[in-house]
Amino acid sequence: MNIMDFNVKKLAADAGTFLSRAVQFTEEKLGQAEKTELDAHLENLLSKAECTKIWTEKIMKQTEVLLQPNPNARIEEFVYEKLDRKAPSRINNPELLGQYMIDAGTEFGPGTAYGNALIKCGETQKRIGTADRELIQTSALNFLTPLRNFIEGDYKTIAKERKLLQNKRLDLDAAKTRLKKAKAAETRASQLNSARLEGDNIMSEQELRITQSEFDRQAEITRLLLEGISSTHAHHLRCLNDFVEAQMTYYAQCYQYMLDLQKQLGSFPSVYHCNNNQTSVAPIPSASSNVIGSSPLTSTSGLVITSPSNLTDLKECSGSRKARVLYDYDAANSTELSLLADEVITVFSVVGMDSDWLMGERGNQKGRVPITYLELLN
């Protein structure tokens, strides 16, 4: 019975406190009661914390969209995270595209120019997919996780203490209101029941001192927590640097992969006749009009449409010419000449040689060179 009495009394006291706070809050909203204002420094800290929380959530959510554009995949990863289970590994878009290209190239034949090019492009796309996966993992660990820890940890603690501060302020203002009413009643009643009213005043003053002390203590606790927001900003700055560094690594890898792929594609036979045999496509990285063997009609992504007649004219020219090397070329065998970008060599045609090649000469070295790697000098 004693335990039950205690629980009932506690429940009644809590209900009374809740009702008192509700009445005080309502009267404040209606302008019928005074409100204790927080000091300017504490108000500024509260505003800074709220601003940090709002923008951290926005940055975190948009970073997740950037790293994983598929909303269904994000939801699946969220569910697995809440279940504390590892999400199943899934192939990403670059890896899927790469696999399709490799399968197509294998079907067309690795020995054909198009099939070989598809396979090389597919392998590069799969490497980009791997780099993309590494970017997601690194960014999630070094950037998203600290931001999420702040939202779900530190800020929840701040919000809890802020709510307690709000309750203590309502208790303080309610005590002030009761004391004010008690003094007004004492004045009106004059000497009637003076002893009892004076006792009410004493109780109200004691209650006010207690609530004021609790409010001041909670305000100090909240202030100390809020001052840690500056440290949070410093930590998030370090995380931001890690995120930028991860992006730099990713884009540098992608650039290098594509640069290597471009060089590999440039070593393929340069002229592929279309079905109507009127035009041919040469994968030349430069669209300069004085490149040997090319008269560009249109250029898109390094592909230059050329007329075969120009190649014939060049092959029929007699004598040697100076040419500048456009970019590096590694000789495939002893009949070819390795080239370095920007060097100047001597070139000339040889009867019976493939139309895609010229003879190149550098000092005592001589060998075949692909015409798409050369720029004719006047």
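Now for a quick tour of the structure. (Residues numbered from 1 in each chain as written. Predicted model: local features only at pLDDT ≥ 70, side-chain atom pairs only at ≥ 80, totals over all residues. Heavy atoms only, no water.)

### Remarks on helix α4 (residues 93-108)
Because the α-helix completes a turn every 3.6 residues, residues three or four places apart line up on one side.
Moving on, step 1. Here α4 contains 16 residues, and its C-alpha end-to-end distance of 22 Å stays within 8% of the 22 Å for a straight helix at 1.5 Å per residue.
Moving on, step 2. For α4, the complete set of buried residues consists of P94, E95, G98, M101, I102 and G105. Mapping the buried residues of α4 onto a view down its axis gives an arc of 125°, with all of them on the same face. The outward face of α4, more than 90 degrees from its buried face, is lined by the exposed residues N93, Y100 and E107.
Moving on, step 3. Put simply, N92 is the residue that caps the front of α4, since its side-chain oxygen is 3.0 Å from the backbone nitrogen of E95.
Moving on, step 4. Downstream of α4 by one or two residues, G109 has phi in the positive range, about 115°. (Helix = DSSP H or I, 4+ residues; strand = E, 2+ residues; numbered from the N terminus. Expected span 1.5 Å × (residues − 1). Buried < 20%, exposed > 50% of the residue type's maximum accessible area, 1.4 Å probe, protein only. Arc of directions from axis to C-beta. Polar contact = N/O pair within 3.5 Å; in protein donor to acceptor, adjacent residues only side chain to side chain.)

### With respect to the sheet that holds strand β9 (residues 374-376)
Within a beta sheet, neighbouring strands are joined by backbone hydrogen bonds and run either parallel or antiparallel to one another.
Moving on, step 1. Spatial strand order, β8-β7-β6-β5-β9: 5 strands in an open sheet with antiparallel pairing. The open sheet terminates on both sides in strands that have one partner only, identified here as β8 (365-370) and β9. On average, each strand axis in the sheet is tilted by 45° relative to the strand beside it, whichever way the strands run.
Moving on, step 2. Pairing analysis gives 5 bridges linking strand β5 (residues 320-325) to strand β6 (residues 344-348), with the strands arranged antiparallel. What sits directly across from R324, in β6, is V344. (Pairing = 2+ DSSP bridges. Axes fitted to C-alpha atoms, helices over the stretch in contact; angles between N-to-C directions.)

### Details of the environment of G360
Moving on, step 1. Here G360 lies in strand β7 (residues 357-362).
Moving on, step 2. Judged by relative accessible area, G360 falls into the buried class, the value being 0%.
Moving on, step 3. Counting along the chain gives 22 residues from G360 to S338, while the straight-line C-alpha distance between them is 9.5 Å.
Moving on, step 4. Those residues within four positions of G360 in sequence are excluded, and the remaining contacts are L337, I345, T346, V347, Q365, K366, G367 and V369. (Contact = heavy atoms within 4.5 Å.)

### Focus on the pattern of salt bridges
Moving on, step 1. The tally for this structure, following the rule as stated, stands at 14 salt bridges.
Moving on, step 2. Across the salt bridge formed by E227 and R223, the nearest N and O atoms sit 2.6 Å from each other.
Moving on, step 3. On the basis of relative accessible area, E227 is assigned to the partly exposed category, the value being 35%.
Moving on, step 4. On the accessibility criterion, R223 (22% relative accessible area) is partly exposed.
Moving on, step 5. Between R324 and D342 there is a salt bridge, with the nearest N and O atoms lying 3.0 Å from each other. Of this pair, R324 sits in strand β5 while D342 sits in the loop between β5 and β6, placing them 18 residues apart in sequence.
Moving on, step 6. Taken together, the shared-partner salt bridges in this structure form one network comprising E220, R223 and E227. (Salt bridge = Lys/Arg side-chain N within 4 Å of Asp/Glu carboxyl O.)

Any link to function would need more than the numbers given here.
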